[in-house]
Structures are given as C-alpha cells and as structure tokens.
Amino acid sequence: MVRPQPSVASSLLGGCPQLLPRLGAPCDERVIASGADTISCLNIQYFYHNACSWFQKIGFCGIRFLISVMHKTDVFTDCYCIVILHFFLVHTQESLEDEVSPRNKEQKNSDGSKDFCIKNIHQAAFGRREIEIAELEMPALMILRKAAQGEKPLVGARIVGCTHITAHTAVLMETLSALGAQCRWAACNIYSIQNEVAAALAERGVPVFAWKGESEDDYFWCIDSCVNVEGWEPNLILDDGGDMTHWIYKKYPQLLKNIKGIVEESVTGVHRLHQLYKTGKLCGPAINVNESVIKQKFDNFYFCKESILDGLKRTTDVTLSGKQVLVCGYGEVGKGCCAALKGLRAIVYVTEVDPICALQACMDGFQLARLNEVIEMVDIVITCTGNINVVLREHLEHMKNGCIVCNMGHSNTEIDVTSLMTPELTWRRIRAHVDHIIWPDGKIIVLLAEGRLLNLSCSTVPVYVLSITATTQVLALIELFNAPERGYKQDIYVFPRKMDEFVAALHLQNFDAHLTELTDEQVKYIGVNKNGPFKPSYYR
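Residues numbered from 1 in each chain as written. Predicted model: local features only at pLDDT ≥ 70, side-chain atom pairs only at ≥ 80, totals over all residues. Heavy atoms only, no water.

### Let's talk about the sheet that holds strand β12 (residues 426-431)
Okay, so step 1: Spatial ordering of the open sheet is given by β9-β8-β7-β10-β11-β14-β13-β12, a layout of eight strands whose pairing is mixed. Either end of the sheet is taken by a strand with one partner, and the two such strands are β9 (367-368) and β12. (Pairing = 2+ DSSP bridges. Helix = DSSP H or I, 4+ residues; strand = E, 2+ residues; numbered from the N terminus.)

### Let's talk about the UniProt feature "binding site: NAD(+)" (unreviewed entry) in the chain
Okay, so step 1: The UniProt record annotates "binding site: NAD(+)" (unreviewed entry) at G331, E332, V333, G334, K335, G336, E352 and N455.
Okay, so step 2: Its place among the elements puts G331 in the loop between β7 (324-328) and α13 (332-343).
Okay, so step 3: Given a relative accessible area of 0%, G336 falls into the buried group.
Okay, so step 4: Residues in contact with G336, not counting those within four places in the same chain, are F301, C304 and K305. (UniProt positions renumbered as here; feature names shortened; annotations may be inferred. Buried < 20%, exposed > 50% of the residue type's maximum accessible area, 1.4 Å probe, protein only. Contact = heavy atoms within 4.5 Å.)

### Considerations on the packing of helix α18 (residues 463-482) against helix α19 (residues 497-508)
Okay, so step 1: Between α18 and α19, the shortest axis-to-axis distance is 10 Å and the interhelical angle comes to 135°. By the angle between their directions, the pair α18 and α19 is classed as oblique. The chirality of how α18 crosses α19 is right-handed. Along its contact with α18, which presents Y464, S467, I468, T471, T472, L475, A476 and E479, the element α19 presents M499, F502, V503, L506 and H507. (Axes fitted to C-alpha atoms, helices over the stretch in contact; angles between N-to-C directions. Parallel < 35°, antiparallel > 145°, perpendicular 65-115°, else oblique. Left-handed = near helix turned anticlockwise from the far one by under 90°.)

### Concerning the nonpolar core
Okay, so step 1: Judged by nonpolar contacts, the single largest core of 54 residues is most densely connected at L154, I159, I165, L176 and W185.
Okay, so step 2: Secondary-structure elements contributing two or more residues to this core are α5 (124-136), α6 (139-147), α7 (167-178), β2 (182-187), α8 (195-203), β4 (236-239), α18 and α19.
Okay, so step 3: Looking at which element gives the most residues to this core, the answer is α18, with ten residues.
Okay, so step 4: Here W185 is in contact with I159, G161, C162, T163, I165, M173, L176, P207, V208, F209, C226 and L238, once residues within four sequence places are set aside.
Okay, so step 5: Counting 37 residues, the second-largest nonpolar core is a separate cluster that includes C304, V333, A346 and I380. (Core = buried A, V, L, I, M, F, W, Y, C linked by side-chain atoms within 4.5 Å.)

### Points about the packing of aromatic side chains
Okay, so step 1: Applying the stated criterion to the full structure yields nine aromatic pairs.
Okay, so step 2: Taken together, a centroid distance of 6.4 Å and an interplanar angle of 55° make the contact between W211 and W221 tilted. Taken together, the residues span a long stretch of sequence, with W211 in the loop between β3 (208-209) and α9 (216-227) and W221 in helix α9 at a distance of ten residues.
Okay, so step 3: Residue W211 is classed as buried on the basis of its relative accessible area, which comes to 4%.
Okay, so step 4: Measuring from centroid to centroid gives 4.8 Å for Y488 and Y493, while their planes differ by 80°, and the two rings are edge-to-face.
Okay, so step 5: Overall, Y493 belongs to the partly exposed group, its relative accessible area being 23%.
Okay, so step 6: Feature note: the residues F209, W211 and W221 constitute an aromatic cluster, connected by ring pairs.
Okay, so step 7: Stacked on the ring of F481, the Lys or Arg K260 has its end atom at 4.7 Å from the ring centre. (Phe/Tyr/Trp six-rings, centres within 6.5 Å; stacked < 30°, edge-to-face > 60°. Lys NZ or Arg CZ within 6 Å of the ring centre and 35° of its normal.)

### Notes on α5
Okay, so step 1: With 13 residues, α5 should cover 18 Å at 1.5 Å per step; its first-to-last C-alpha distance of 19 Å lies within 8% of that length.
Okay, so step 2: Buried residues along α5 sit against α6, α7, α8 and α18. (Expected span 1.5 Å × (residues − 1).)

### Topic: α7
Okay, so step 1: Over its twelve residues, α7 runs 16 Å from end to end, which matches the ideal 16 Å to within 8%, given 1.5 Å per residue.
Okay, so step 2: Of all twelve residues in α7, ten are buried, a share of seventy percent or more.
Okay, so step 3: Just downstream of α7 lies G180, where phi reads positive at about 110°.

### Some details on a nonpolar patch on the surface
Okay, so step 1: A surface patch of nonpolar side chains, amounting to about 320 Å² of accessible area, comprises L508, F511 and L515.
Okay, so step 2: If you trace the backbone, L515 turns up in the loop between α19 and α20 (520-526). (Patch = residues over 30% accessible without salt bridge, like charges linked within 9 Å, V, L, I, M, F, W, Y side chains within 5 Å. Areas by Shrake-Rupley, 256 points an atom, 1.4 Å probe, with all protein chains shown as cover. Salt bridge = Lys/Arg side-chain N within 4 Å of Asp/Glu carboxyl O.)

### Remarks on the sheet that holds strand β1 (residues 158-163)
Okay, so step 1: Pairing is parallel across the open sheet formed by seven strands, whose spatial order is β3-β2-β1-β4-β5-β6-β15. In this open sheet, the two strands that pair with only one neighbour each are β3 and β15 (492-494).
Okay, so step 2: Sitting on the sheet, helix α10 (residues 243-251) touches β1, β2, β4 and β5 (261-264), and the angle it makes with β4 is about 135°.

Okay, structure coming up:
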C-alpha cells in the first residue's frame, strides 16, 4: 500500500515524530505485539479489530486529540499509538484514492492482465481471506466443485453477470469458473460491493468491473465493459434486477442470437422479463430463480430475518424494543423482517395489498393498516414490496421528527428519494449510508443507504443462507447450457422442483440430519417417487 508522505503523519502527531519509523510495516498482530511489552497480544487484537468503528464515530479531530493525550500522559503504549496512526494513514490514503475514479487508473494483476476495473488491486490478499471464510459457509458449491473435477459441465459457457459483488458471490463466480465457464462481471448494487473481494477476483483473472459508490454513469459503464468486448460474446446471462439483460437488448441486440438462456433471481428482474415476453422480445429461455420454493422459503425469509436488525443497529444504534415500526409488504421478505422485529419486542404494523398475505400478518399477531393511517406515529418505516413509489414525498412530509426510513425490497424505487432533492431540504451525511434530511422547520428524517437495499449495503449477510440461492443459480445455468436444442422454448420457467430438493439435500450435509425414507406402501399411497420430488410443481 502506498502510504502518505511523512509530513502528513508528522502534522497529525503534533510532536511525536519518533513513532514514524515504525509505520512502514503492515499493522497486523505480529507488528503490534512486537511493541507491546506489558500488554497481551489478545488485548491489542481486540483494540485493533474494534478501532475502525470507534474512530469513524469520533472522527479525525478526535483521533488527533487522543494522540495528544497519549503523548502528554503516557496513557497508551506505543503499540496503541501505532494502531491509531495506521488507521489514520490508511484512511487518508483511501480518501486520496477516492478523488481518482478507477476508470482513470491503470491497474494490472500479478499476471499482467488489465481486463478489470476496480478500486484497488492491492486489496486482493484481504479479499481472498474474505472469500475463504465464505467458502466454509457454502458447502453445496464446494461439493459441486469437487464433483466437477473430471467432467466440467460449463466448458464453452461464456457467462456475463450482474449481481452483488460480495464474498459469497465471489464463491459463486469461482465455482462457475471451476466448472469450466468464462465469466465477466458487474455489480447490481453500488453500495453492496466489497472492494477487497473485487480485487481478489481480479487478481485471480476474473474480469470484474465494480467499485463501491459508483455513480450512475459508472454503473452502466461497468455493465457495458462486461459486454462490449472484442472477440468475446456471452451465451448465458446471470442477472439480479434485469439491468444486464436490458442493456444487451438496448445496446447490443446482435448478441441475442447466441444467448442460450437467462437466469434471474429478483422480483424486479422477473417482472422485466415478463414485459419482454409479453412484447415478443424475449430472446430465449429464462429460469426464474426468485420464485423457486427454496429461495422463497430460505433466502428471502431467513436472510432478511438475520440481516434487518444488523443493518439498523450498525447504521443508527437504535434501540428497537418498544419502537413502533411499519413494514410495507408481508411477502417472505416482510415476514422475515417482522419476525426479527417482533423478537426484540418492537410494535409492528404491516401494510399489504394481497388479502392472503394480509390475513397471514393478522394471524401472526401484527396490526394491518394503511400507510397514511400510521405514518405520523411510527418510528421506523421499512419497505419490502419490490414495487415502485411505496413511500412518497407526501408520506415523508407527515413523518415524525427522527423517523428512520429504509428499504429491504430489491431495487431503489420503493422510496421516492428523488422528491427529496429539492432546495428547501438540506442533506447532511452523518456517517456511511446514513443521511439526515432536514426540513425547513428543523424536522429530521433519517434515510439509510439512499433508499437502496439496507442489508446488503449496511450489514453483514448470513452466507449459509445465500449459499442456497447461489447453488440454485449454478444449477440453473448448467441446465440451460446443457439442454438439448429446442429443449426450452422462449419462455420463463420456474426452477424445477426436483432441483429445489437437490439443493436442500446438499445443504443438509452441514447438519447432523437424517432424512426419513418412505416405504413402498407409503410411496404408492401418496403417489410420489421414492427419491422425489415430494411436492407437486404448483406447491408454494
């Protein structure tokens, strides 16, 4: 890592330049421990791993004050001082890097390849460790890799993808490569991108075009860079939201003739595929992974149940017990959010248009209401519909001071953020992904992640749950690529039930679980195959 010149650090130290020579090495536990004569390595590690969150709250002025106190009172030892200085120097360097767009930087990996555009290729080692941790929680994909060591079912597949770029999707991408596919990748969400993971993928030779905080122009430039490649044409699309699919339709229709299939995992993306189908523009078969039973019952529910609380806590430090929370939508995402909030004794209201989901909400103990009936009294508003313009400016006008507004649906269309870009309102960035929208009378609305996905932008994610969806995506791509000619029509297909059960069986291996086998008499009685599928195709 290129470090700032000593003059920057000298200014920060305010008279402690004697520590500068010790800043050249990485600040890992070995370096820290070498200066810790009286403090255990364990304590230093604890301090270091928590330093980022502490220092982000107190800011650089607070850090400067801490260093002056250390210098004058000897409260901290030199090793703690090194930790603080390391944090400052790294983040000073990152702030300098932020001023230069990755599009204007020339980078190459250790093999000399420049076919990528990311924040910083030097973060690859850190990203690789993140991926290795994720691999431990993604057993099904690792089993598929081992099974494909001989026969590689995706040899010849050229996959262009637009998904979240995180450690778990990196395991997905590298599994596709292990199965024989060539991949090019962009991100479907500008805030969920893990720069270090993108660096690790680029270092391994995956052409990835993504960095956290892309502008809208950058976002579509990255998608275009995946597709607009001389001598390389995709034959499969893996999409999350439909932006990659629609970009190809809009800009490169000549590529459609080679597309063997599309795999889509989001509500929004599936809706856009149906629009193409209705107008006769769907280029080939598409598999709707989003409506597979295993994704609905596991990814949408458990993923959101585990991540909603983490996202709210990390961004706002809010106490949820006793808070009045409005959850818009009671699909699987809404159900997961409500279950988590109920567990912390929040008072939860639900809005819903579907009478079946509405009845489920009532029987689960939640109060069903219309948005305008409760908007003035709730403390938190969470959208979970996948629709457009759920929370409008008129609703925001009636919210109480300090109300927290966030989105757990797929796209950033649920909250009308554009209506807040007006001269009479003041935007104040409080911390990463937290903005205060200040009204002329002083009222503040707390907007998280600018209306984009809260959990993937602001929290950690339960990788084991996401492993289930990633496995369905891999199997769907294998199915489309290896299907006989004319095996699939130009239509939208639901993920096959037999494959749903196969994905579940792969993940059961992580538990001390023992499936019961049906007897011949039982098989005959209920009319199923002894090896499944055990539910009809219409089961939901």
